[in-house]
Amino acid sequence: MIRDHFRVFVVNLSEGKGKVAKLDGRNSEVGGSGLAALLFNKYGHPEKPWDDPQQPLIFAVGPLTGYFPLMSKTVCSFKSPYHDQYTESHAGGRSALSLCFSNLDALVVVGRSDRLCCLNISSRSMEIKKIDFMQGMDVLESGKLLRNMFKGSGHRSILRIGPAGENGAAMSCINADTYRHFGRLGGGAAMGVKNLKGIIIQGDAIFPEPEGKEYSKVFAEVYNHITATDMMKKYHNLGTPTNLQALNEIKSLPWRNLQATSDSAISAINGERFAKETLLRNSACSGCPVGCIHVGCVREQFMADHRYTFKQVAYDYEPIFSLGTMLGVIEPRGVLNILDVMEKTGLDAMSGGVALAWATEATEQGLISEKETGVSLSFGDAEAYQQATDLLGTASNDFYRLLGQGTLKAAAQYGGSEFACVLGQEMAGYATGEAFFVAQSLGFRHSHLDCGAYAYDQKHAEQNVDGVIDFLFKDEAERCLMTSMVACLFARGIYKNDLLAECLQSVGYPELAANIEPLGRHIQKLRWQTRIGTGFAPESVTIPKRFFKIKTWKGPIDPEYLNTLKIKYGQAIMQFGEEEK
Amino acid sequence: MKKILITPKIDRCIGCHSCSLACARLVHKRISWDTAGIRIHSSGGLTTGFTANHCLACDPAPCAEACPTDAFSQRKGGGVIVKKTLCINCGDCVAACPVDAIFQDLSGEVFVCIHCGRCVEFCPHNCLEMKEVENILQEEAVS
Ligand code: SF4
Ligand code: SF4
Ligand code: SF4
Ligand code: SF4
């Protein structure tokens, strides 16, 4: 093991100083999600609003980071500008290895810089640099500049925000190394409110190999699992976009603001189309041999006489849903062009797309017009969406400023909340049925990754309130364990409890290895208690009418079942949070 | 026949660092992406792909010529034979290498590729190969 406790670096931007803190809890809070919650309880202020300068922005890795493949993610936690409650967002890129090799388990940023700044840390240095000239600069440009401004081996991670984060949009993300994102629930604004444009993490520490033969044996076992079996084939091949065709076939793919759940136009915009027409190359998070990142290429003629430029945009299932089918855009090029603007402005592409889908339907219904949207919105018009994305990301007027705070906030003022596709936050691309709608609405991160409800829906046609709730709790606990290690969730089929225990044992965490069963549940509880402590109230979350009106492979949604499930799951969460630890 | 590590298909690299982590782990007994015979860098930002720093197996090897203690000596077929016990951590080899293939940690210890081939099987995109030396020289002569 690298250490039996947590080594945390706490940077105070108001004071311009950093301090190393040594914390206990390795054998109970583990790392990642557990450590992040522990740190919020220590440094956070549940009663103060998200934008209070004292609120912490937390990045945490786990006990297996650096040791095993696919332990490639970082957990970022903060009080969210979206709902003013505690939340997490996860990303990979080079962030996890960089943080681990900067000799830390976590980085905590508190305070607020008086001017726009960036933070540069390594295992033996820290620097806060004022960078006023980067005000409003887009994410890609900022990345290039930061890369050149700071010397480094290249073994580092560059986290940065765009204009959306700077102007406090609740759908702004933190970009990690160009192709990955701490996407949802407004991490970008949590960083922006600190006047913090970028964080450069240099991974320059070196650790000894764990003693004994066990480690190399277990490593080989894990590596063979990953590469020799076809477990990861899906992520390796077409990647997550392979889901487009599949979900469309079972009437679970949201189209045009969820006015439909399947469409024959899918063949123009499925995973194969993207691969054939745009796929340029693959990329990987550090420490991951799978390389699920699919980078697409769009060529653009910008002048007569064959003057061309090109863009590289990483695509996944989610943005193809949110900027493709959800907006009625059925051309890969169009989707990548919109996605490119989302990336540059630093918006979460899922939330941004779903917000624009609502704005389009609101336009159709005459609730808003070009006066608000600045450009005429209609389903399928990719060019208009590119412009609208820029207007949204830069908060160009009152309408877009409000929309950037959440679709339901805009709907409260302009009308149209019944067709706002919001489940706790803008929906993920799974119109699979009641279990998913309830799970995202009330889930800890309001993410499709909190638990496998979308998969549950696809396997169960019968109604079973207790069965669903039982599944959601168990699945969430397992994922809590994964996100405390911190593993990529794509590897959850590989890192079963037994293998995780072997891994922990081999690097010198026998106590963690021996107690693996209850750990996930303990962290699940800690997270919920932290969230509830910041004001989570399930009854205040509503499921808009649109979700009651759709048809999936199971037939029409049953409103009564959906309502009951929501009420019962909400009660179960509150009860779980209140139980003794 | 002596073999050396070459990276003929590094344009396919996805930047996973599996190779350098493997070298550090298996050859140098470290958990690190620095203390390795091969180190991966983006070639000027992630949108431009990756390059690998590694020993090109010079013969004669400037690093061995520069070494005042014979800790580095000429390896047949190119590259160097490393005798760590002789090393005084002066770093002269690091300065002499034209392609920045040698990593020196803070304590002064140096790390270089010994052309053992253990990293090769960890590359998911087959960017790395072990080549018999004579073929290499011929190929380089033509290109
Ligand atoms: S370490 Fe550098 S100088 Fe020495 S043989 Fe390799 S490439 Fe040549
Ligand atoms: S650092 Fe060691 S191997 Fe390198 S030149 Fe000096 S003595 Fe020789
Ligand atoms: S050939 Fe051996 S020494 Fe060279 S980089 Fe690969 S594993 Fe390391
Ligand atoms: S293992 Fe292969 S793909 Fe991965 S970084 Fe090394 S050369 Fe690149």
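Since we're looking at a predicted model, the values are computed, not measured. (Residues numbered from 1 in each chain as written. Chains lettered and ligands numbered in written order. Predicted model: local features only at pLDDT ≥ 70, side-chain atom pairs only at ≥ 80, totals over all residues. Heavy atoms only, no water.)

**Remarks on empty space enclosed by the protein**
Within this structure, the stated rule accounts for 14 cavities of 30 Å³ or more. Estimates place the volume of the largest cavity at around 130 Å³. In this structure, the largest cavity is lined by 16 residues; those nearest its centre are Phe68, Pro69 and Phe219 of chain A together with Leu21 and Arg25 of chain B. Listed by contribution, the elements that provide at least two residues to the lining of the largest cavity are α7 (214-228) of chain A together with α1 (18-26) and β2 (30-31) of chain B. Its residues placed into classes, the lining of the largest cavity shows ten nonpolar, four polar and two charged. (1 Å grid on protein atoms, 1.4 Å probe; cavity = no way out; pocket = protein on both sides within 12 Å on 5 of 7 lines; lining within 4 Å. Points joined across faces, edges and corners; volume = space filled by probe spheres on them. Helix = DSSP H or I, 4+ residues; strand = E, 2+ residues; numbered from the N terminus. Nonpolar A, V, L, I, M, F, W, Y, C, P; charged D, E, K, R; others polar.)

**Quick look at the sheet that holds strand β14 (residues 279-283) of chain A**
Residue and element names in this part refer to chain A. Strand order in the open sheet formed by three strands is β14-β15-β16, and the pairing between neighbours is antiparallel. Two strands in the sheet have a free side with no partner beyond their single neighbour: β14 and β16 (307-315). Across the sheet, the mean angle separating the axes of adjacent strands is 30° when strand polarity is ignored. Summarising the sheet, β14 and strand β15 (residues 293-303) pair through four bridges and their orientation is antiparallel. (Pairing = 2+ DSSP bridges. Axes fitted to C-alpha atoms, helices over the stretch in contact; angles between N-to-C directions.)

**Some thoughts on the pattern of salt bridges**
Residue and element names in this part refer to chain A. Within this structure, the stated rule accounts for 29 salt bridges over all chains. Here Arg527 ties to Glu88 by a salt bridge, and the two come within 2.8 Å at their closest N and O atoms. Placement of Arg527 in helix α23 (residues 516-533) and of Glu88 in strand β5 (residues 86-91) is noted, with a sequence separation of 439 residues between them. Overall, Arg527 belongs to the buried group, its relative accessible area being 3%. Given the relative accessible area of 2%, Glu88 is considered buried. Across the pair Asp348 and Arg184 runs a salt bridge whose closest N-O atoms are separated by 3.1 Å. Of this pair, Asp348 sits in the loop between α12 (332-345) and α13 (349-364) while Arg184 is found in the loop between β11 (180-182) and α6 (187-192), placing the two residues 164 residues apart along the sequence. When its relative accessible area of 7% is taken as the criterion, Asp348 is described as buried. Its relative accessible area of 9% is what places Arg184 among the buried residues. Each of Glu300, Lys311, Asp340 and Lys344 takes part in salt bridges that share partners, so that together they form one network. (Salt bridge = Lys/Arg side-chain N within 4 Å of Asp/Glu carboxyl O. Buried < 20%, exposed > 50% of the residue type's maximum accessible area, 1.4 Å probe, protein only.)

**Focus: the sheet that holds strand β10 (residues 174-176) of chain A**
All names here are of chain A. Taken in spatial order, the six strands line up as β8-β7-β12-β9-β10-β11 in an open sheet, and their pairing is mixed. Taken across any chain shown, the strands that pair with only one partner, and hence form the sheet edges, are β8 (125-130) and β11. On average, each strand axis in the sheet is tilted by 20° relative to the strand beside it, whichever way the strands run. As paired strands, strand β9 (residues 156-160) and β10 are joined by two bridges and run antiparallel to one another. When the sheet's bridge partners are listed, Arg160 is paired in β10 with Asn175. Its contacts with the sheet put helix α4 (residues 139-149) on β7 (117-122), β8, β9, β10 and β12 (196-202), and the angle it makes with β9 is roughly 140°. (Contact = heavy atoms within 4.5 Å.)

**Comments concerning the packing of aromatic side chains**
Counting across every chain of the model gives 27 aromatic pairs over all chains. Centre to centre, the rings of Phe399 of chain A and Tyr414 of chain A are 5.3 Å apart; their planes meet at 80°, and the pair counts as edge-to-face. Of this pair, Phe399 of chain A sits in helix α16 (residues 398-403) while Tyr414 of chain A sits in helix α17 (residues 407-414); the two residues are 15 residues apart in sequence, bridging distant segments of the chain. The buried category is assigned to Tyr414 of chain A, whose relative accessible area is 17%. Residues Tyr430 of chain A and Tyr454 of chain A carry aromatic rings whose centres are separated by 4.5 Å and whose planes lie at 25° to one another, so their mutual orientation is stacked. With Tyr430 of chain A in the loop between β18 (425-426) and α18 (434-442) and Tyr454 of chain A in helix α19 (residues 453-459), this pair connects stretches of sequence that are 24 residues apart. Ring pairing ties together the aromatic residues Tyr67, Phe68, Tyr215, Phe219 and Tyr223 of chain A together with Phe122 of chain B, which thus form one cluster. (Phe/Tyr/Trp six-rings, centres within 6.5 Å; stacked < 30°, edge-to-face > 60°.)

**Some words on the interface of chain B and chain A**
The interface is formed by 31 residues belonging to chain B together with 38 residues belonging to chain A. Both sides together, the interface formed by chain B and chain A hides about 2700 Å², and carbon and sulfur atoms give 61% of it. Seen at the junction of chain B and chain A, the total is zero salt bridges. For the side of chain B that touches chain A, the elements supplying multiple residues, two or more each, are α1, β2 and β3 (38-42) of chain B. The element that contributes the greatest number of residues to the side of chain B that touches chain A is β3 of chain B, accounting for four residues. The class makeup of the residues in the side of chain B that touches chain A is twelve nonpolar, 13 polar and six charged. (Buried area = accessible area lost by both parts, 1.4 Å probe.)

**Thoughts on the site of ligand 1**
Looking at ligand 1, the residues that line it are Cys55, Leu56, Cys58, Ala61, Pro62, Cys63, Gly79, Cys97, Pro98, Val99, Ile102 and Val112 of chain B. Counted by class, the shell around ligand 1 contains eleven nonpolar, one polar and no charged residues. (Near = heavy atom within 4 Å.)

**Structural notes on the confidence of the model for chain B**
Detailed reading of the predicted coordinates is not advisable wherever pLDDT falls low. Residues and elements named next belong to chain B. Overall, the predicted model of chain B reaches an average pLDDT of 91, with 91% of residues at or above 70. Residue range residues 138-143 is modelled with pLDDT below 50. Its contacts to residues more than four positions away, or to other chains, number one contact. Of the two predicted TM-score estimates for the complex, the pTM is 0.96 and the ipTM is 0.93. (pLDDT = per-residue confidence, 0-100.)

**Points about the site of ligand 4**
Taken together, 13 residues surround ligand 4, and among them Cys13, Cys16, His17, Cys19 and Cys123 of chain B come closest. Residue composition of the shell around ligand 4, by class: ten nonpolar, three polar and no charged.

**Here we look at the packing of helix α2 (residues 32-43) of chain A against α23 of chain A**
All names here are of chain A. The interhelical angle for the contact between α2 and α23, taken along N-to-C directions, is 35°, at an axis separation of 9 Å. Like other packed secondary-structure pairs, α2 and α23 cross with a definite hand, here left-handed. Each of Ser33, Gly34, Ala37, Leu38, Phe40 and Asn41 in α2 lies in contact with α23, whose residues at this interface are Ile523, Leu526, Arg527 and Thr530. Partitioned by chemical class, the residues of the contact of α2 with α23 number five nonpolar, four polar and one charged. (Left-handed = near helix turned anticlockwise from the far one by under 90°.)

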